[in-house]
Amino acid sequence: MNFIRKAFATWKGSGKEGKGTLTTESTVLQDTQYSYNTRFENGKGTNPEELIAAAHAGCFSMQLSFLLGEEGFTPNSLNVEANVQFKDGEINKVILELKGDVPNIEADKFNEIAEKAKEVCPISKLLKAEIELKSHLS
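It should be emphasised that the depicted structure is a prediction, and the values quoted were computed from it without experimental measurement. (Residues numbered from 1 in each chain as written. Predicted model: local features only at pLDDT ≥ 70, side-chain atom pairs only at ≥ 80, totals over all residues. Heavy atoms only, no water.)

> Explain the overall build of the protein chain residue by residue, including any values.
Assigned secondary structure in the protein chain consists of 4 helices and 6 strands. When the helices and strands of the protein chain are read in sequence order from the N terminus, they spell out β-β-β-α-α-β-β-α-α-β. With respect to the three principal axes, the spread of C-alpha positions in the protein chain is 55 × 30 × 25 Å. For the protein chain, the proportion of its 138 residues judged to be buried stands at 33%. The long-range share in the protein chain, meaning contacts at least 24 apart out of those at least 6 apart in sequence, stands at 50%. Total accessible area on the protein chain is roughly 9100 Å²; 49% of this is exposed by carbon and sulfur atoms. Between the averaged position of the 16 positive side-chain charges in the protein chain and that of its 20 negative side-chain charges there is a distance of 7 Å. (Helix = DSSP H or I, 4+ residues; strand = E, 2+ residues; numbered from the N terminus. Buried < 20%, exposed > 50% of the residue type's maximum accessible area, 1.4 Å probe, protein only. Contact = heavy atoms within 4.5 Å. Areas by Shrake-Rupley, 256 points an atom, 1.4 Å probe, with all protein chains shown as cover. Lys, Arg positive; Asp, Glu negative; His and termini not counted. Charge placed at Lys NZ, Arg CZ, Asp CG, Glu CD.)

Quick look at the structure:
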């Protein structure tokens with residue numbers, strides 16, 4: 001497969017006082033606000049780190065589902081929380097917290113496949129940050 005996805009950003013004003021909007025090609029985000037307050041404080045809107053967290057959680061869970069399927073397992077659910085850590089001007093760490101409900105799989109096998117998914121997920125490959133995985137099988 002070969003494809004391109006697009007997103008658009010508009011920023012007006014200075015870094016601290018300015019405001020911007022983000023729109024995705026699919027329009028799931030449509031003129032969604034982001035600003036200094038939404039990035040470095042708790043203002044209403046989104047921010048780049050939150051979007052990276054969403055992308056990583058989604059990519060990893062889908063990758064894991066594919067890898068489980070290759071091994072003959074079908075998950076009932078894979079719940080992933082991605083925590084993106086911003087420190088000293090860079091994203092230096094992502095912690096993926098996985099809770100999986102996968103019938104007929106042993107915990108060791110589940111963890112092995114989850115680690116592989118962490119390594120081969122395209123978003124994981126994109127990030128220079130340390131990626132830590134905490135997985136729990138129910």
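> Which residues make up the pairing of strand S2 (residues 19-24), and what values go with them?
Sheet topology places strand S1 (residues 7-12) next to S2; 6 bridges connect them, and they run antiparallel. The residue bridging Trp-11 from the neighbouring strand is Gly-20, located in S2. With antiparallel pairing between neighbouring strands as the criterion, S1 and S2 make up a hairpin whose turn holds 6 residues, including Gly-13 at a positive phi of roughly 100°. In terms of strand pairing, S2 meets strand S3 (residues 32-35) through 4 bridges, oriented antiparallel. The residue of S3 that forms the bridge with Thr-21 is Gln-33. (Pairing = 2+ DSSP bridges.)

> Report on the sheet that holds S2, specifying residues and quantitative values.
Sheet architecture is open: 3 strands sit in the order S1-S2-S3, paired in antiparallel fashion. Pairing within the sheet leaves two strands with one partner each, and these edge strands are S1 and S3. Direction aside, the axes of adjacent strands within the sheet are offset by 25° on average. (Axes fitted to C-alpha atoms, helices over the stretch in contact; angles between N-to-C directions.)

> For unusual backbone geometry, give the residues involved together with the corresponding values.
Notably, Asp-31 is not glycine yet its phi reads approximately 55°, a positive angle. Counting through the fold element by element, Asp-31 comes out in the loop between S2 and S3. Judged by relative accessible area, which is 49%, Asp-31 ranks as partly exposed. Here the phi dihedral of Asn-104 falls at roughly 65°; this positive angle occurs in a residue that is not glycine. Within the secondary structure layout, Asn-104 lies in the loop between strand S5 (90-101) and helix H3 (107-120). Accessibility expressed as a relative area gives 76% for Asn-104, which makes it exposed.

> Give me the lowdown on the pattern of salt bridges, citing residues and values where you can.
Considering all chains together, one arrives at 7 salt bridges under this definition. The partner of Lys-118 in a salt bridge is Glu-119, and the shortest N-O contact between them spans 3.5 Å. Members of the salt-bridge network, linked through shared partners, are Glu-71, Lys-109 and Glu-112. (Salt bridge = Lys/Arg side-chain N within 4 Å of Asp/Glu carboxyl O.)

> Could you give me a rundown of the nonpolar core, with the residues and numbers involved?
Core analysis: the largest hydrophobic core is formed by 24 residues, its most contacted members being Phe-60, Leu-64, Leu-68, Leu-98 and Phe-110. Of all elements in the fold, only helix H2 (48-70), strand S4 (77-87), S5, H3 and strand S6 (130-137) reach the threshold of two or more residues within this core. A total of 7 residues in this core trace back to one element, the largest contributor, which is H2. Excluding its chain neighbours within four sequence positions, the residues that come into contact with Phe-60 are Val-80, Leu-96, Leu-98, Ala-114, Ala-117, Lys-118, Cys-121 and Leu-133. (Core = buried A, V, L, I, M, F, W, Y, C linked by side-chain atoms within 4.5 Å.)

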